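What follows is each chain in one-letter form.
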Amino acid sequence: MTLEAIPVNSLSRHIEPLKDALAAAAVEVVGSGYYVLGPNVRAFETAFAAYCGVDHCISVANGTDALELSLRALGVRAQDRVAVIANAAMYGTSAVLACGAEPVFIDIVEGTATMDPALLEAALAAGDIKAVILTHLYGQLADVESISALCQTYNVGLLEDCAQAHGARNENGLAGSFGDIASFSFYPTKNLGALGDGGAVVTRRADLAERVRMLRQYGWTQKYTNGVAGGRNSRLDEIQASMLLLMLPHLDQWNQRRREVAERYAAGIRNPKIRTNPSAGQSYVAHLYVIRTEDRAALQQHLAELGVQTDVHYPVADHRQPCHQGHFNDVALPRTERDCTTVLTLPCFPELSDSEIDRVIDACNRF
């Protein structure tokens, strides 16, 4: 008997228990007559701000808009320089470039794959950096307090990229509550995902919140008066807001199950060819479970033959993307570049069964 393949993620399994409630929410919106920036959007913004422990949430069309509008709210303009990691699929870098700014790539801490505070400090000391994008990659809270302190010392804006870290926390707060401003994505595969696209900006600062509210709607200072440069049409619709509002109370439970999957992998995979993910605890919400190996292609093929699907997050560093046409040839990021050749993502989602976890572990150990 051929066993069914184990997917990296399964949105159908994830949504199945909530399917009827989500359908009813959509029907209610259809009958309401409010479809954009209505009562569900306001209710979700209030609930998500409270969840993150901040004063303001401004929903937008997607996570990339959330990054760009956050940078613009911080005053990032053409020719400014923004510090960012290069191992997160160009999301932060794309937002920097959309502002006409220049990315300053900072290498990562080995293991967590998040920004190295010591290397950031060296870049800040060299001067001329306007803002920092701190990405909580794979669901692991970065060393946010060290980096926040550096940004305050050097008077540099701090934007937390929380697209993969909904609910990650330490004793001092949740992802999104440490910086000047933070961005979230609600793409369907995220820990809190919509049934379409969506994003949000959160902040404690009323001035930044008001600026993002204007930027998400053409830069209007009042209706049909475009008073703020860099605005666009970036609004979360009522149906997606209603669904996110329904799913938000389940987020912590889903995150806990993701951690359990990750903990079982870390305890069970005992293969000298595979380095397991060192992340653990409440600061890690296991958006992705990423291992490392020097024999990625062979391991990926081996796992596929045993019915275990995998993915690579991410194979090409930002500074090596072909769209730059050699602009960053002089940039060297040895840890980032090494990760790009060794990372491999195993199945990790809340509905993964114990027997499937055991199959993944066994397949890894048989390599």
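Residues numbered from 1 in each chain as written. Predicted model: local features only at pLDDT ≥ 70, side-chain atom pairs only at ≥ 80, totals over all residues. Heavy atoms only, no water.

Chemist: Which parts of the structure should I look at to understand the overall build of the chain?
Modeler: For the chain, the count of helices and strands is 13 helices and 14 strands. Against the globule reference of 21 Å for 367 residues, the chain gives a C-alpha radius of gyration of 21 Å, in line with a compact fold. The dimensions of the chain, computed from C-alpha atoms along their principal axes, are 65 × 55 × 40 Å. The buried share among the 367 residues of the chain stands at 55%. Relative to all contacts within the chain whose residues are 6 or more apart in sequence, the contacts with residues 24 or more apart total 70%. When the accessible surface of the chain is split by element, carbon and sulfur atoms take 50% of a total near 15,100 Å². Looking at charge distribution, the chain has the averaged site of its 31 positive side-chain charges lying 2 Å from that of its 42 negative ones. (Helix = DSSP H or I, 4+ residues; strand = E, 2+ residues; numbered from the N terminus. Rg over C-alpha atoms; globule rule 2.2 N^0.38 Å. Buried < 20%, exposed > 50% of the residue type's maximum accessible area, 1.4 Å probe, protein only. Contact = heavy atoms within 4.5 Å. Areas by Shrake-Rupley, 256 points an atom, 1.4 Å probe, with all protein chains shown as cover. Lys, Arg positive; Asp, Glu negative; His and termini not counted. Charge placed at Lys NZ, Arg CZ, Asp CG, Glu CD.)

Chemist: Sorry, what's going on with the pattern of salt bridges here?
Modeler: Side chains that differ in charge, positive against negative, can pair when their charged atoms come close. Counted according to the given criterion, the structure contains 21 salt bridges. Among the salt bridges present, the one from Asp 252 reaches Arg 169, with a minimum N-O distance of 2.8 Å. In this pair, Asp 252 is assigned in helix H10 (residues 251–268) and Arg 169 in strand E6 (residues 169–170), connecting sequence segments 83 residues apart. (Salt bridge = Lys/Arg side-chain N within 4 Å of Asp/Glu carboxyl O.)

Chemist: Where do I start with helix H5 (residues 91–98) in this structure?
Modeler: Since the α-helix advances by 3.6 residues per turn, residues separated by three or four positions end up pointing in the same direction. Buried within H5 we find Gly 92, Thr 93, Ala 95 and Val 96. Each buried residue of H5 sits inside an arc of 160 degrees when the element is viewed along its axis, so together they form one side. The inward-facing, buried residues of H5 contact helix H4 (63–73), strand E2 (81–84), strand E3 (102–105) and strand E4 (131–135). After H5 finishes, the residue Gly 100 shows a positive phi value of roughly 80 degrees. (Arc of directions from axis to C-beta.)

Chemist: What should I look at first to understand the nonpolar core in this one?
Modeler: As a rule of thumb, soluble globular proteins bury nonpolar side chains together. In this structure, Phe 48, Val 132 and Tyr 265 are the most contacted members of the largest nonpolar core, which totals 86 residues. A total of six residues in this core trace back to one element, the largest contributor, which is helix H3 (residues 39–52). Aside from chain neighbours lying at most four places away, what touches Phe 48 is Cys 57, His 166, Phe 184, Phe 186, Leu 192, Val 202 and Leu 248. Counting residues in each nonpolar core, the second largest holds 31 residues, with Ala 66, Ala 73, Ala 95 and Ala 131 among its members. (Core = buried A, V, L, I, M, F, W, Y, C linked by side-chain atoms within 4.5 Å.)

Chemist: Help me understand the side chain of Ser 177, please; the structure alone is not making it clear to me.
Modeler: By secondary structure assignment, the location of Ser 177 is in the loop between strand E7 (173–174) and strand E8 (181–185). Look past the residues within four positions of Ser 177 in its chain and what remains in contact with it is Cys 52, Gly 53, Val 54, Glu 160 and Arg 204.

Chemist: Is there a simple way to think about the sheet that holds strand E12 (residues 274–275) in this case?
Modeler: Strand pairing within a sheet occurs via backbone hydrogen bonds; the two strands may be parallel or antiparallel. Spatial strand order, E12-E13-E14: three strands in an open sheet with antiparallel pairing. Across the chains shown, the open sheet's two edge strands, defined by having one partner strand only, are E12 and strand E14 (343–346). The sheet contact formed by strand E13 (residues 289–293) and E14 spans four bridges and is antiparallel. Pairing of Arg 292 across the sheet is with Val 343, part of E14. The strands that helix H11 (residues 296–305) touches are E12, E13 and E14; relative to E14, the one it contacts most, it runs at about 15 degrees. (Pairing = 2+ DSSP bridges. Axes fitted to C-alpha atoms, helices over the stretch in contact; angles between N-to-C directions.)

Chemist: Looking at this structure, how should I read the sheet that holds E8?
Modeler: The strand order E1-E9-E8-E5-E4-E2-E3 describes an open sheet built from seven strands, whose pairing is mixed. Sheet topology places strand E1 (56–60) and E3 at the edges, where each strand pairs with a single neighbour. Between one strand axis and the next, the sheet turns through 25 degrees on average, direction left out of account. In terms of strand pairing, E1 meets strand E9 (residues 199–203) through five bridges, oriented antiparallel.

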